[in-house]
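Here's the letter readout for the chains.
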Amino acid sequence: MIWMRAPDVKLLRDFRRLWAQALAIALVIAGGVATLILAVGSYRSLDETRTAYYERHRFADVFATVSRAPRTLVSKIAEIPGVASVDARIAKLVLLDIPDYLEPATGEVKSLPEIGEASLNLLYMRVGRMPEPGRAEEVVVNEGFALSHGFQPGARFSAILNGRKRELTIVGIALSPEFIYAVGPGDIMPDDRRFGLIWMSEKALASAYDLDDAFSSVSLKLLRGASESEVMMRLDALLERYGGRAAYGRKDQTSHAWLNHELDMLNNMSRTLPPIFLLVSAFLVNLTLSRLVALEREQIGLMKALGYNNASIVMHYLKFVTVIVMIGIVIGSAAGTWLGMRITGLFGDFFHFPFLVFTKSPDLYVIAAFLSLAAAIIGAVRALREVVRLAPAVAMQAPAPPRYRRLLPASFSLDRLISQPTTMMLRNITRHPVRSLFTTLGIALATAILIVSLFTGDAMEQLIDVTYFLADRQDATVSFVEKRPLDVVLQIARLPGVLVAEPYREVPVRIRNGNVQRRIMISGRPRNADLNRIIDVDLRPVGLPEGGLAISSMLASILGVRVGDSVELDLLETRRTVVVPVAALVEDYFGIRGMMDSDTLARLMREAPSLNSVNVSLDQTSREAFYAAIKDLPIVGGLALQRVSLANFRKLVALLITTMASIYTGLAAVIAFGVVYNSARISLSERARELASLRVLGFTRGEVLRILLLELALLTLIAQPPGWLIGYGLAWIMQKNLAGELMRVRLIVEQSTYVFASAIVLAAAVVSALVVRRRLNELDLVTVLKTRD
């Protein structure tokens, strides 16, 4: 070490002496780095993959459906200013009968050009080939559907096309940018076993539905800078006479909207949790370095006396901090990359991409390193200021002994109530109120981070309870290809196993208040509906108002309306605009929607009472007979099963969110241990001479340990209530950041979460106590008592 400067030699000795504390701080910093790389890296992976997939496979910008429009209309659509290309096709919902599969499945059939390929929404072929011209039975299916049933090219299944059962042969398996998130009618969650995408010859599909030289669906690609709203307005005008429904853009396309929601969730998490972790790491660096400077004041004074200036000494301690930060950055980068790859893999199971690889962007690691170093240096500023202020003569003297004074009346003695070690512990806390306050705050922040990390699990369970058990209590939802008269509900009620059947009507509308508008569905149901109920903001089932519109509280917030205000509704089926009052606010967690009494909705639409679907309650012993009867009904377009939807939700969304929450909880537990352990170790270093003196005076090791650990235990317990409060506040911030139009959660933190978070912190305190006990037992009394006064 001859070649090393004296401060660098001291730095190495400091690390050898304080390696455990330095590692604890590095792990806290690593937690911040890992959360940043995990969240931002996953977000970039999804976003960049989506952008590349959309561009290469020409995902459309505008979509519209019609009852039947002639092919000659395509050229007129292409002439709309701003339109780059047009793809007209046939699209229909069908019921599927899959061999050796009991439950009815639903398919969405889309036509493929007889010659060449479609101009938009190009397929990505995984296996096999496209259907050959003239082969009406050949189809391509989506990968998720094929994998869930073990289909390979050559496999067969049946579909009911326009009331006639047709046997189809799979010749290819593909992916589509239009169905990255594929959800069937009446379902909330994707179900690859019960919903499939089918592409077949346009000629065959046109023949089945009498749509020769016609189309029922159209997609548009816009020129850069084109006005989407202007294009949609002109498109609607062209399609109106052919039964066209209002066109919509990407943001309202189901697959794109859900993918956007997940990206927003990741982006918001990257802006919420990593700053909290980095804030705690800055606090911990400040706490540790301040107390380290206090312990080394004599060495600092000696260095100044030997000619080292303030800048050299400050740089020495900055090197100490920088090395710790670099260790944390290396550990955090490795952990964040590994965890990011795991999370990206989960997203790959949830969404259907041709490829999805975790993006290791160099700039992300640079940003994470810079933020971590900046946080640590900010945390070190206060301690370094003390270094500069110390004069050599003052610093080389031992600190002045504390001045104790009586806080309680002379007639009142604590000796009668508490033991002498406890009295000594309380005196030490009151002797250093600022230090005790910051230690308590650090432990409280550790508890808070655990609470906000665990909060998402509570929120998911509450979402499940409200959605699947309070509001949507039906066993199944039978959907129809077209709107049906109300008496169809009687036909469904007579099917085997049906206990209760309730009609359900959905109408697409554009709801508007001032300049703010959204495209939503208004559902009509009986006022006394018991299967599909509406829940108010207090989570109580309520009846629909006789007149007016009930809307979700999230939609009310977006539109800026309250009960009693009026909103405009563009009825997209009839192309009329009406004004209706908001009669009630409803609490729901999926989508934004409106609800009306079915009779009121029928009057609004100027039609006889009708329905799109029927909610049913089933006798579970008759499910097989019910499924068989549904397969024989040509008017049925799909069947959604509530138990399957719940299972899929737990498997996909809840698993994804709770997995990320578990990762954050683990990182938070590391931070909790880092805070508590550092507090305990520094407390031991500060009081080593005092504790050694007590041992010489006859105190046993157990009594000395009790004096030291009682302080840690008391501060840890005192820190829990403020930790709970801070944690609740952070959970509120997280809940607001995660709230979206497609899915949101209620702010609910269970008592068990507070208990579990505190239990982890207390466990960290116990582990720290065991380490300190070992260090105390190894204390060299002679060496410690040689410290110069």
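Values in this document were obtained by computation on a predicted structure and should not be read as measured data. (Residues numbered from 1 in each chain as written. Predicted model: local features only at pLDDT ≥ 70, side-chain atom pairs only at ≥ 80, totals over all residues. Heavy atoms only, no water.)

> Could you give me a rundown of the overall build of the chain, with the residues and numbers involved?
Counting its secondary structure elements, the chain contains 22 helices and 22 strands. With respect to the three principal axes, the spread of C-alpha positions in the chain is 100 × 65 × 55 Å. Within the chain, buried positions represent 56% of all 789 residues. Sequence-distant contacts in the chain: of pairs separated by 6 or more residues, those separated by 24 or more amount to 82%. When the accessible surface of the chain is split by element, carbon and sulfur atoms take 57% of a total near 34300 Å². The positive charge centre, built from 87 side chains, and the negative charge centre, built from 74, are 11 Å apart in the chain. (Helix = DSSP H or I, 4+ residues; strand = E, 2+ residues; numbered from the N terminus. Buried < 20%, exposed > 50% of the residue type's maximum accessible area, 1.4 Å probe, protein only. Contact = heavy atoms within 4.5 Å. Areas by Shrake-Rupley, 256 points an atom, 1.4 Å probe, with all protein chains shown as cover. Lys, Arg positive; Asp, Glu negative; His and termini not counted. Charge placed at Lys NZ, Arg CZ, Asp CG, Glu CD.)

> Account for the sheet that holds strand 2 (residues 83–89), with residues named and values stated.
Strand order in the open sheet formed by four strands is 2-10-1-11, with antiparallel pairing between adjacent strands. Strands at the two margins of the open sheet, each flanked by one partner only, are strand 2 and strand 11 (248–249). The strands that helix 6 (residues 228–239) touches are strand 1 (62–70), strand 2, strand 10 (214–222) and strand 11; relative to strand 1, the one it contacts most, it runs at about 10°. (Pairing = 2+ DSSP bridges. Axes fitted to C-alpha atoms, helices over the stretch in contact; angles between N-to-C directions.)

> Quick rundown of a nonpolar patch on the surface? Include the residues and the values.
Taken together, the side chains of W19, L23, V323, I327 and I331 define a hydrophobic patch exposed on the protein surface, amounting to about 420 Å² of accessible area. Elements with a minimum of two residues in the nonpolar patch: helix 2 (19–56) and helix 9 (310–350). In terms of residue count, helix 9 provides more of the nonpolar patch than any other element does, three residues in total. Of note, I331 is situated in helix 9. Relative accessible area serves as the criterion here: at 32%, I331 is assigned to the partly exposed category. (Patch = residues over 30% accessible without salt bridge, like charges linked within 9 Å, V, L, I, M, F, W, Y side chains within 5 Å. Salt bridge = Lys/Arg side-chain N within 4 Å of Asp/Glu carboxyl O.)

> Give me the pattern of salt bridges: which residues, what numbers.
Across all of its chains, the model carries 31 salt bridges by this definition. D570 is the salt-bridge partner of R510, the closest N and O atoms lying 3.7 Å from each other. With R510 in strand 13 (residues 498–513) and D570 in strand 18 (residues 566–571), the pair connects residues that are 60 residues apart, well separated along the chain. The class for D570 is buried, based on a relative accessible area of 11%. For R746, the salt bridge identified is with E587, shortest N-O distance 3.7 Å. Pair noted here: R746 is in the loop between helix 20 (701–738) and helix 21 (751–777) and E587 is in the loop between strand 19 (576–586) and strand 20 (594–597), with a separation of 159 residues, a long-range link. Judged by relative accessible area, R746 falls into the partly exposed class, the value being 27%. Each of R129, E132, R135, E137 and E138 takes part in a single network of salt bridges with overlapping partners.

> Any details on unusual backbone geometry? Residues and values, ideally.
Residues other than glycine seldom take positive phi values, yet R58 does so here, at roughly 50°. Assignment of secondary structure puts R58 in the loop between helix 2 and strand 1.

> Please give an account of the packing of helix 2 against helix 9 that cites residues and values.
Two numbers describe how helix 2 lies on helix 9: the axes approach to 6 Å, and their chain directions differ by 35°. Helix 2 and helix 9 meet at a crossing whose hand is right-handed. In the contact of helix 2 with helix 9, the residues fall into 21 nonpolar, nine polar and no charged. (Left-handed = near helix turned anticlockwise from the far one by under 90°. Nonpolar A, V, L, I, M, F, W, Y, C, P; charged D, E, K, R; others polar.)

> I'd love a proper account of the nonpolar core, names of residues and values included.
One finds L46, F351 and F649 to be the most contacted residues of the largest nonpolar core, which totals 124 residues. Of the residues forming this core, the biggest block, 17 residues, is contributed by helix 13 (residues 433–471). Residues A146, F157, I198 and L211 belong to the second largest nonpolar core, which totals 28 residues. (Core = buried A, V, L, I, M, F, W, Y, C linked by side-chain atoms within 4.5 Å.)

> Give a description of the packing of aromatic side chains that names residues and reports values.
Applying the stated criterion across every chain, the model contains 12 aromatic pairs. With 5.6 Å between their ring centres and 45° between their planes, F59 and F63 make a pair best called tilted. The exposure classification of F59 matches that of F63, with both residues buried. Both rings, one in F145 and one in F151, keep their centres 5.8 Å apart while their planes meet at 70°; by these two values the pair is edge-to-face. Looking at F145, the relative accessible area reads 0%, which means it is buried. Members of the aromatic cluster, each reached through a chain of ring pairs, are Y53, Y181, W258, F351 and F353. (Phe/Tyr/Trp six-rings, centres within 6.5 Å; stacked < 30°, edge-to-face > 60°.)

> Go over the environment of I300 with me, naming the residues and quoting the values.
Following the sequence through the fold, I300 ends up in helix 8 (residues 297–305). Placed 14 residues apart in sequence, I300 and V314 show a C-alpha to C-alpha distance of 10 Å.

> Provide a residue-level description of the environment of L667, including the pertinent values.
Here L667 lies in helix 18 (residues 642–686). For L667, a relative accessible area of 14% gives the class buried.

> Requested: an account of the side chain of S479, with residues and values cited.
Mapped onto the fold, S479 is located in strand 12 (residues 476–485). For S479, the contacting residues outside a window of four places in its chain are P185, G186, N612, S613, V636, G637 and G638.

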